[in-house]
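Examining the three-dimensional arrangement
Read off the chains here:
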Amino acid sequence: MSPAALADGPNDGEKPAGGKSKAELRAERRAKQEAERAQKQAKKAELSQAATVAKPRLTPTEPQSVVKRLPEHVQVDDPAAQRKLAKKLERQQVPLRQDYGTKVNLFSHLHQYSRKKPLTQQMSIPSTVIHPAVVRLGLQYSQGIINGSNARCIALLEVFKQLIRDYSTPPNEELSRDLVAKLKPHISFLNQCRPLSASMGNAIKFLKKEISCLPDTLREEEAKEKLQDTIDKYLREKIVLAAEAISRSAFEKINNNDVILVYGCSSLVNRTLCDAHVKKGRAFRVIVVDSRPRLEGRETLRRLVRKGIHCTYVMINAISYVLPEVSKVLLGAHALLANGSVMSRVGTSQIALVSKAYNVPVLVCCETYKFCERVQTDSFVSNELDDPDDLIVLRKGRAQLGGWAENKSLRLLNLVYDVTPPDLVDLVITDLGMIPCTSVPVVLRVKNVDQ
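Computed from a predicted model, the values in this text were never measured in an experiment. The numbering scheme is per chain: residues are counted from 1 as the chain's sequence reads. Two thresholds apply to this predicted model, a pLDDT of at least 70 for residue-level local features and 80 or more for giving and counting side-chain atom pairs, whereas whole-chain, interface and lining totals are computed over all residues. Hydrogens and water are ignored here; the side-chain numbers use all heavy atoms of the structure.

1. Observations concerning a positive patch on the surface
Applied cut-off: Like charges within 9 Å and nonpolar side chains (Val, Leu, Ile, Met, Phe, Trp, Tyr) within 5 Å are joined into patches, using only residues over 30% in relative accessible area that form no salt bridge. For the accessible areas, the method is Shrake-Rupley and the probe is 1.4 Å, while residue cover comes only from the protein chains on display. Put simply, a salt bridge is a Lys or Arg side-chain nitrogen that is within 4 Å of an Asp or Glu carboxyl oxygen. Within this scheme the basic residues Lys and Arg register as positive and the acidic residues Asp and Glu register as negative, but His and the chain ends are omitted. Here the site of a charge means atom NZ of a Lys, CZ of an Arg, CG of an Asp or CD of a Glu. Secondary structure is summarised from DSSP: a helix means a run of H or I of at least four residues, a strand means a run of E of at least two, and numbering begins at the N terminus for each.
Together, Lys22, Arg26, Arg29 and Arg30 make up a region of like positive charge exposed at the surface. Tracing the chain through its elements places arginine 29 in helix α2 (residues 22-54).

Printed below as a string of structure tokens:
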């Protein structure tokens, strides 16, 4: 045999001295890998089949279960929700305010209170955990002494400042945790007196966040002082300076010889008109539209006439007669919702609708701190019912609706707010500038990033 033949190993087909050839070993390895792969595939198929049996897939026709999270004030007709609320208030030592009168079925899920039966009638004042300043504020809310989103929010934050001043941290407790817990019963009490406005909800959320972010290194007095300064800054920036910015922006839309229609009593709209007339020298006429039972337009009329502005006063059922001479409509807002709808005093949507029919531009003045992440397309689901007795009017010493509660066939509805769709509003004047209603989600997103 030649040396070259000796140098080469055995061929693939040849069997080495130890047993199997290389080709046979390769075939065995391949068969083993294929068997393992098949086994894995079979295991996967079994697991997926078991999962399908355990959790059957819903067909498109089957309704999917959705967890509903509704606020307490819109679940009055749900006994389970009311029991849960009663237990929560009992823990916080806050009385549950009783509903008054028979409600219209469409609004049976909302609270309806009587001013003649304030919440303090059910309280033992010396032994209550509620601060006296909060008790006074709650009474002012329920009796309608403090009205309007801005006025209610300012009063709330001023009372919270007093609450913080009088607060002292218990031993073995942290201020940032204990103070938030102490605020909860006070907020529940105010909510029982009158449902919180969107502006108040945003202010409370802001204050809780500031309290929870306080550093542990601060002494109690320093922390309390810092919180009071934070509240003052919030009031100055979000309400006072915002009103100045809106007034400046709105001035650009007010021309000489304009006829401007306003509705109800909005502190922001009143300030804007007074600034345009007194500080900027614009000459215009204002038509003040009012409605029962609140007749808030009378306060607007007093303020504007005092500043020398020429005014006309009409009721809401006369707007179709005055709109042909109106050049623009200027409205206030209770809240601006995430879908661009404007929540404001009941009657606002009616004015916006008729104005649209007459091609009169509708401008809404609203601070960005009233922008709300809630979405609402109607005035039924979430609203507020005022005292139905306000609708009773004395004529010649007689009340036509007197004793309505005893009449089972009669129900009175005194709605507080309505929702105006965004397509009826031409422009929203805010402290960030003039924006369309559709830009509300953008402003909310920017605010969340800033915070």
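2. Description of unusual backbone geometry
Backbone geometry follows two general trends: most residues other than glycine have a negative phi, and most peptide bonds adopt the trans configuration. The omega torsion across arginine 292 and proline 293 is 5°, close enough to zero to call that bond cis. When you line up the elements, proline 293 lands in the loop between β2 (284-290) and α10 (297-306). Although it is not a glycine, glutamine 93 adopts a positive phi angle of roughly 60°. Its location among the elements puts glutamine 93 in the loop between α3 (79-91) and α4 (132-142). Even without a glycine there, the phi angle at asparagine 172 is positive, about 60°. Relative to the elements of secondary structure, asparagine 172 occurs in the loop between α5 (149-165) and α6 (175-193).

3. Section: the nonpolar core
Counted only if it meets this: Grouping buried Ala, Val, Leu, Ile, Met, Phe, Trp, Tyr and Cys residues that are joined through side-chain atoms within 4.5 Å yields what is termed a nonpolar core. Throughout this description, buried means an accessible area under 20% of the type-specific maximum (1.4 Å probe, protein chains only), exposed means over 50%, and partly exposed covers the range between.
Counting 42 residues, the largest nonpolar core has Leu137, Tyr141, Leu156, Phe160 and Phe189 as the members making the most contacts within it. Elements with a minimum of two residues in this core: α3, α4, α5, α6, α7 (198-212) and α8 (220-251). In terms of nonpolar packing, the next biggest core, distinct from the first, is built from 32 residues, Val259, Val289, Ala333 and Ile351 among them.

4. Considerations on the environment of glutamate 174
What counts is decided by this rule: In what follows, a contact means two residues having at least one pair of non-hydrogen atoms within 4.5 Å.
Looking at where glutamate 174 falls in the secondary structure, it is placed in the loop between α5 and α6. It is 9.5 Å that separates the C-alpha atoms of glutamate 174 and glutamate 220, two residues lying 46 residues apart in sequence. Apart from residues lying up to four places away in sequence, glutamate 174 is in contact with Thr169 and Asp216.

5. Some thoughts on the packing of helix α9 (residues 267-278) against α10
Inclusion rule: To get an axis, fit a line to the C-alpha atoms, keeping to the stretch in contact for a helix; angles then go from 0 to 180 degrees between the N-to-C directions. Each angle is binned into one of four classes, with values under 35 degrees roughly parallel, values over 145 roughly antiparallel, values of 65 to 115 roughly perpendicular, and all other values oblique. Here is the rule for handedness: rotate from the far helix to the near one, and if that takes an anticlockwise turn smaller than a right angle the crossing is left-handed, while a clockwise turn gives right-handed. As a working rule, the residues Ala, Val, Leu, Ile, Met, Phe, Trp, Tyr, Cys and Pro are called nonpolar, Asp, Glu, Lys and Arg charged, and the rest polar, with Gly in that last group.
Where α9 meets α10, the axes come as close as 10 Å, and the angle between the chain directions of the two elements is 20°. With respect to each other, α9 and α10 are oriented roughly parallel. You can see that α9 and α10 cross each other, and the crossing is right-handed. Counting all contacts with α9, which are made through Ser267, Asn270, Leu273 and Cys274, the residues of α10 involved are Thr300, Arg303 and Leu304. Among the residues making up the contact of α9 with α10, the classes are represented as 3 nonpolar, 3 polar and 1 charged.

6. What to know about the packing of α5 against α8
One way to put it is that α5 packs onto α8 with a least axis distance of 9 Å and a crossing angle of 170°. The orientation of α5 relative to α8 falls into the category roughly antiparallel. Taking contact as the criterion, the partners of Asn150, Ile154, Leu157, Glu158, Phe160, Lys161, Ile164 and Arg165 in α5 are, on α8, Lys224, Leu227, Gln228, Ile231, Asp232, Tyr234, Leu235 and Ile239. A class-by-class count of the residues in the contact of α5 with α8 yields 9 nonpolar, 2 polar and 5 charged.

7. What to know about the pattern of salt bridges
Considering all chains together, one arrives at 23 salt bridges under this definition. The shortest N-O distance in the salt bridge between arginine 219 and glutamate 222 comes to 3.2 Å. Put simply, Arg115, Arg294, Glu296, Arg345, Asp386 and Asp390 are held in one network by salt bridges that share partners.

8. Remarks on the confidence of the model for the chain
Formally: On a range of 0 to 100, pLDDT expresses the predictor's confidence in each residue.
Mean pLDDT over the chain stands at 87; residues scoring 70 or higher make up 88%. Between residues 1-14, whose pLDDT stays under 50, and residues either more than four places distant or in other chains, the model counts 6 contacts.

9. Some remarks on the packing of aromatic side chains
Formally: Each Phe, Tyr or Trp ring, with Trp reduced to its six-membered ring, pairs with another whose centre is within 6.5 Å; inter-plane angles below 30 degrees give stacked pairs, above 60 give edge-to-face pairs, and intermediate values give tilted ones.
Scanning all chains against the criterion turns up 4 aromatic pairs. Between tyrosine 100 and tryptophan 404 the ring centres are 6.2 Å apart and the planes differ by 90°, which places this aromatic pair in the edge-to-face class. In this pair, tyrosine 100 sits in the loop between α3 and α4 while tryptophan 404 sits in the loop between β9 (398-399) and β10 (417-420), placing the two residues 304 residues apart along the sequence. In this structure tryptophan 404 comes out as buried when scored by relative accessible area, which is 3%. For the ring pair tyrosine 234 and tyrosine 369, a centre distance of 6.3 Å and an interplane angle of 90° mean the geometry is edge-to-face. Of this pair, tyrosine 234 sits in helix α8 while tyrosine 369 sits in the loop between β7 (362-365) and β8 (394-395), and the two are 135 residues apart along the sequence.

10. Regarding the side chain of glutamate 296
Tracing the chain through its elements places glutamate 296 in the loop between β2 and α10. With a relative accessible area of 16%, glutamate 296 lands in the buried category. Apart from residues lying up to four places away in sequence, glutamate 296 is in contact with Asn147, Gly264, Cys265, Asp290 and Arg345.

11. As for the sheet that holds β10
In a beta sheet, neighbouring strands are held together by backbone hydrogen bonds and run either parallel or antiparallel to one another. So the rule is basically this: The pairing criterion for strands is at least two bridges between them, as found by DSSP.
The strand order β5-β6-β10 describes an open sheet built from 3 strands, whose pairing is antiparallel. Of all the strands in the sheet, the pair left with one neighbour each is β5 (335-336) and β10. In this sheet, strand β6 (residues 342-345) lies alongside β5 in antiparallel orientation, the contact comprising 2 bridges. Looking across to β6, one finds that alanine 335 is bridged to methionine 343.

12. Re the pairing of β6
If you look at the hairpin formed by β5 and β6, you'll find 5 residues sitting between the two strands, and glycine 340 has a positive phi there, around 90°. Note that β6 and β10 share 4 bridges and pair antiparallel. Counted as the bridge partner of methionine 343 is valine 419 from β10.

13. Quick word on the sheet that holds strand β4 (residues 328-331)
The mixed open sheet is built from 7 strands, whose spatial order is β3-β2-β1-β4-β7-β11-β12. Two strands bound the open sheet, and with one partner strand each, they are β3 (310-315) and β12 (433-435). Each adjacent strand pair in this sheet contributes to an overall mean axis angle of 25°, direction not counted. As judged from the 2 bridges shared by strand β1 (residues 258-263) and β4, these two strands associate in the parallel manner.

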